[in-house]
Amino acid sequence: MSKQYKLTASLGDQILRLLTLSMAIGVLVLMVWMGWQMFDTARPSIQRFGLGFITSRVWDPVKEQFGALPFIYGTLVTSFLALLLAAPIGLGVAIFLNEMAESRFRAVVGFLVEMLAAIPSVVYGLWGIFVLAPWLKTTVEPGLAKWLGFIPLFQGTPVGFGMLAGGLILAVMILPTIAAISREVMAAVPNMQREAALALGATKWEMIRVAVLPYAKSGIMGGIMLGLGRALGETMAVTMVIGNRPDILASLFAPAYSMAAVIANEFTEATYDLYLSALVEIGLILFGITLVLNFFARLLVWSVGRGPKGGSIV
Amino acid sequence: MGHTLSVRQLEAWYGSNQTLKGINMEIASNHVTAIIGPSGCGKSTFVRCINRMHETLPGSKVKGEIILDGESIYEQDPVVLRKMVGMVFQKPNPFPSMSIYENVVAGVRLNGMRNKKTLQDIAEKSLRMAALWDEVKDRLNYSGMSLSGGQQQRLCIARALAVEPSVLLMDEPASALDPIATMHIEGLVRQLKEDYTILIVTHNMQQAARIADSTAFFLNGELVEHGPTSEIFTNPNDKRTEDYITGRFG
């Protein structure tokens, strides 16, 4: 048995430890407390509607009927639409900047792309109202209806304000996150890996496919998931373009509503306790969905990062 | 069969720094040619010009001619050229997301080969040539990263051989390895010259003496002397070669 030695920490280090420990615990306490508070406030609504709250499509404050399904639907559809558009484009931007562009061009474009993340969401919303929605109404939606109208997603009257607008604006907003993170993890791929592929007679694209993307894939997944997280919680820009109507319609052109948007819009109008309680329950569900998606994202990142037996990537 | 290489007035730059100055050199087929010289003498740049890897670095430039089996390499598509001129790097660099088997056939797959049986045969043949088959045959689906450094380097050699090049470039292939692993690689190089023309850059003069048929001494971007290994090491023509060999500098 070897003797155990205990390092005697100086007083300063002990204070530092206590200080940082209390900060770490503080964050945890805050989170649990918030969760509890939300649950407590939402309790009347939970007791009244039970599971029916998340399966009901009726949202009628006048008749005291509350169902969250339209909001859950609106949030999920716009977020996944955003992901579907932003993930390939963000990855493409990252590949171009990292592997193809001249270094000067790379610096300028990289900076501009990251600037997109700095624009306040209300500004995106204004752009959505005055530019994106009218353009969707007059050009994109009629075009989609004409060519892809046999799919229910692209049927109906072009309105401009709706899930398509919400998804598009979210896509623009999460694009810089995905591009910046993908670019960073791709820049971290050792040059040796690229040379290994090139020396075997790989073209540029084959080099990217064989050496760069597999090496960076768990980081890229992480970036996409971070983008999804941002899309799920985004409030202002979405509420300005989604149409704010609690309906579930198959068409992407149709107005809809999102969870974050309904909370922000109706909070001040919640004139009685059950109404308020229902809104808080929606917040609780949003919280839950984010947690669950993050859990699966972690699982995904972990499983793609594992690689073949006996070794791990990176 | 290996192919002959002839290098004519080769010059190379990296930024404003000229790393190769008018190199003329004939490289015999099915020979092991060692490139020796102190750090920064241009020996790595030299082999990296032969598979046109040097050009992939930003700010690099090349002038002159390299003739591979009667054809100028600068008139060929580099992607095609690199299938004929394989390369093994200083540090083992297997693809970490791939298994041992997938690593070996990575290049063959890039060429469009999909037949499973053929791929398995190529993998076995290449691993046997790289003297690694017996050590890995029961765990081909394990990660290439699960192997030791020396095994990883032989895996990289197998990966290069699988594409069936005619020339094999080795840039200090044993410098990151322990003596036993180095011995393995050296034994391998002696066998491989039956089928390939081999250029090996080395820091280690004993290594050059042990495995090379001919040796070229580079200094400050110039080829000082090139001849049969025994002659270079026992009776060099140039004073600078002698000084380097006897350890007076470098």
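Some points on the overall build of chain A
Here comes step 1: Looking only at helices and strands, one finds eleven helices and two strands in chain A.
Here comes step 2: Starting at the N terminus, the α and β elements of chain A follow one another as α-α-β-β-α-α-α-α-α-α-α-α-α.
Here comes step 3: Across the 314 residues of chain A, 40% fall into the buried class.
Here comes step 4: Considering only contacts in chain A between residues 6 or more positions apart, those separated by 24 or more positions represent 73%.
Here comes step 5: Looking at chain A as shown, the accessible area adds up to about 16900 Å², and 70% of this sits on carbon and sulfur atoms.
Here comes step 6: Distance between charge centres in chain A, computed from 21 positive and 17 negative side chains, equals 10 Å.

Some thoughts on the overall build of chain B
Here comes step 1: Of regular secondary structure, chain B possesses ten helices and ten strands.
Here comes step 2: Against the 2.2 N^0.38 benchmark of 18 Å for 250 residues, chain B shows a C-alpha radius of gyration of 18 Å, consistent with a compact globule.
Here comes step 3: Principal-axis analysis of the C-alpha atoms places the extent of chain B at approximately 55 × 40 × 30 Å.
Here comes step 4: Classification of the 250 residues of chain B by burial places 55% in the buried group.
Here comes step 5: Look at the contacts in chain B between residues 6 or more apart in sequence, and 66% of them connect residues 24 or more apart.

Considerations on helix H4 (residues 116-129) of chain B
Because an α-helix completes one turn every 3.6 residues, residues spaced three or four positions apart along the sequence face the same direction.
All names here are of chain B.
Here comes step 1: For H4, which comprises 14 residues, the first-to-last C-alpha distance of 20 Å matches the rise-based estimate of 20 Å (1.5 Å per residue) to within 8%.
Here comes step 2: Those residues of H4 that sit buried are Leu-119, Ala-123, Ser-126 and Leu-127. Angular distribution of buried residues about the axis of H4 spans 95°; they occupy a single face of the element.
Here comes step 3: Its buried side turned inward, H4 meets helix H3 (100-110), helix H5 (133-136) and helix H6 (149-162).
Here comes step 4: Once H4 ends, the next one or two residues include Ala-131, with phi positive near 55°.

With respect to the pattern of salt bridges
Here comes step 1: Scanning the entire structure with this criterion turns up 18 salt bridges over all chains.
Here comes step 2: For the salt bridge of Arg-245 of chain A with Asp-247 of chain A, the shortest nitrogen-to-oxygen distance reads 3.2 Å.
Here comes step 3: With a relative accessible area of 30%, Asp-247 of chain A lands in the partly exposed category.
Here comes step 4: Across the pair Lys-125 of chain B and Glu-164 of chain B runs a salt bridge whose closest N-O atoms are separated by 3.1 Å.

Considering the sheet that holds strand S4 (residues 60-68) of chain B
All names here are of chain B.
Here comes step 1: The strand order S2-S1-S4-S5 describes an open sheet built from four strands, whose pairing is antiparallel. Looking along the sheet, the strands with just one partner apiece sit at the ends: strand S2 (17-27) and strand S5 (71-72).
Here comes step 2: Strand direction decides the pairing type here: S4 and S5, joined by two bridges, are antiparallel. Residue pairing across strands places Leu-68 opposite Glu-71, the latter belonging to S5.
Here comes step 3: Here helix H1 (residues 43-50) sits on the sheet and contacts strand S1 (5-14), S2 and S4; the angle it forms with S2, its principal contact strand, is near 65°.

Let's talk about the sheet that holds strand S8 (residues 197-201) of chain B
Residue and element names in this part refer to chain B.
Here comes step 1: Ordered in space as S6-S7-S8-S3-S9-S10, the six strands form an open sheet in which the pairing is mixed. Of all strands in the sheet, those bounded by a partner on one side alone are strand S6 (85-88) and strand S10 (222-228). In this sheet, neighbouring strand axes are inclined to one another by 15° on average, regardless of whether the strands run parallel or antiparallel.
Here comes step 2: Bridge count for strand S3 (residues 32-36) against S8 is four bridges, and the pairing is parallel. In the strand pairing of S8, Ala-34 is matched with Ile-200.

With respect to the packing of helix H4 (residues 103-115) of chain A against helix H6 (residues 163-187) of chain A
All names here are of chain A.
Here comes step 1: Packing of H4 against H6 leaves a shortest axis separation of 9 Å and a crossing angle of 140°. In terms of their interaxial angle, H4 and H6 are classed as oblique. Residues Arg-106, Gly-110, Val-113 and Glu-114 of H4 pack against Pro-176, Ala-179, Ala-180 and Arg-183 of H6.
Here comes step 2: Class assignment of the residues belonging to the contact of H4 with H6 gives a composition of four nonpolar, one polar and three charged.

Things to note about the side chain of Glu-206 of chain A
Here comes step 1: Topologically, Glu-206 of chain A is positioned in helix H8 (residues 204-233).
Here comes step 2: Among buried Asp, Glu, Lys and Arg side chains, Glu-206 of chain A stands out as unpaired, with Arg-209 of chain A the closest opposite charge at 4.7 Å.

Remarks on the interface of chain B and chain A
Here comes step 1: Taken together, the 31 residues of chain B in the interface contact 22 residues of chain A.
Here comes step 2: Between chain B and chain A, roughly 2200 Å² of surface is buried when both sides are summed, and carbon and sulfur atoms account for 67% of that area.
Here comes step 3: Its largest share of buried area at the contact with chain A, chain B owes to Phe-95, Pro-96 and Leu-110 of chain B, together 28% of the area lost on that side.
Here comes step 4: Arg-48 of chain B is the salt-bridge partner of Glu-195 of chain A, the closest N and O atoms lying 2.6 Å from each other.
Here comes step 5: Counting across the chain B and chain A interface gives three residue pairs in polar contact (both at pLDDT 80 or more).
Here comes step 6: The residue inventory of the side of chain B that touches chain A, partitioned by class, reads 17 nonpolar, nine polar and five charged.

Examining the confidence of the model for chain B
Here comes step 1: Overall, the prediction assigns chain B a mean pLDDT of 92, with 99% of residues at 70 or greater.
Here comes step 2: Two summary scores accompany this predicted model of the complex, namely pTM at 0.84 and ipTM at 0.91.

Side note on helix H11 (residues 273-306) of chain A
Here comes step 1: Taking 1.5 Å as the rise per residue, H11 of chain A with 34 residues should run 50 Å; its terminal C-alpha atoms sit 49 Å apart, in good agreement.
Here comes step 2: Phi for Gly-307 of chain A, located one or two positions after H11 of chain A, is positive at around 70°.

Overview of the pairing of S6 of chain B
Residues and elements named next belong to chain B.
Here comes step 1: Of the two faces of S6, the one lined by Val-85 and Met-87 and the one lined by Gly-86 and Val-88 are each fully buried.
Here comes step 2: Across four bridges, the pairing between S6 and strand S7 (residues 167-171) is parallel. Bridging across to S7, Val-85 finds its partner in Val-167.

Rules of the game
Residues numbered from 1 in each chain as written. Chains lettered and ligands numbered in written order. Predicted model: local features only at pLDDT ≥ 70, side-chain atom pairs only at ≥ 80, totals over all residues. Heavy atoms only, no water. Helix = DSSP H or I, 4+ residues; strand = E, 2+ residues; numbered from the N terminus. Buried < 20%, exposed > 50% of the residue type's maximum accessible area, 1.4 Å probe, protein only. Contact = heavy atoms within 4.5 Å. Areas by Shrake-Rupley, 256 points an atom, 1.4 Å probe, with all protein chains shown as cover. Lys, Arg positive; Asp, Glu negative; His and termini not counted. Charge placed at Lys NZ, Arg CZ, Asp CG, Glu CD. Rg over C-alpha atoms; globule rule 2.2 N^0.38 Å. Expected span 1.5 Å × (residues − 1). Arc of directions from axis to C-beta. Salt bridge = Lys/Arg side-chain N within 4 Å of Asp/Glu carboxyl O. Pairing = 2+ DSSP bridges. Axes fitted to C-alpha atoms, helices over the stretch in contact; angles between N-to-C directions. Parallel < 35°, antiparallel > 145°, perpendicular 65-115°, else oblique. Nonpolar A, V, L, I, M, F, W, Y, C, P; charged D, E, K, R; others polar. Buried area = accessible area lost by both parts, 1.4 Å probe. Polar contact = N/O pair within 3.5 Å; in protein donor to acceptor, adjacent residues only side chain to side chain. pLDDT = per-residue confidence, 0-100.

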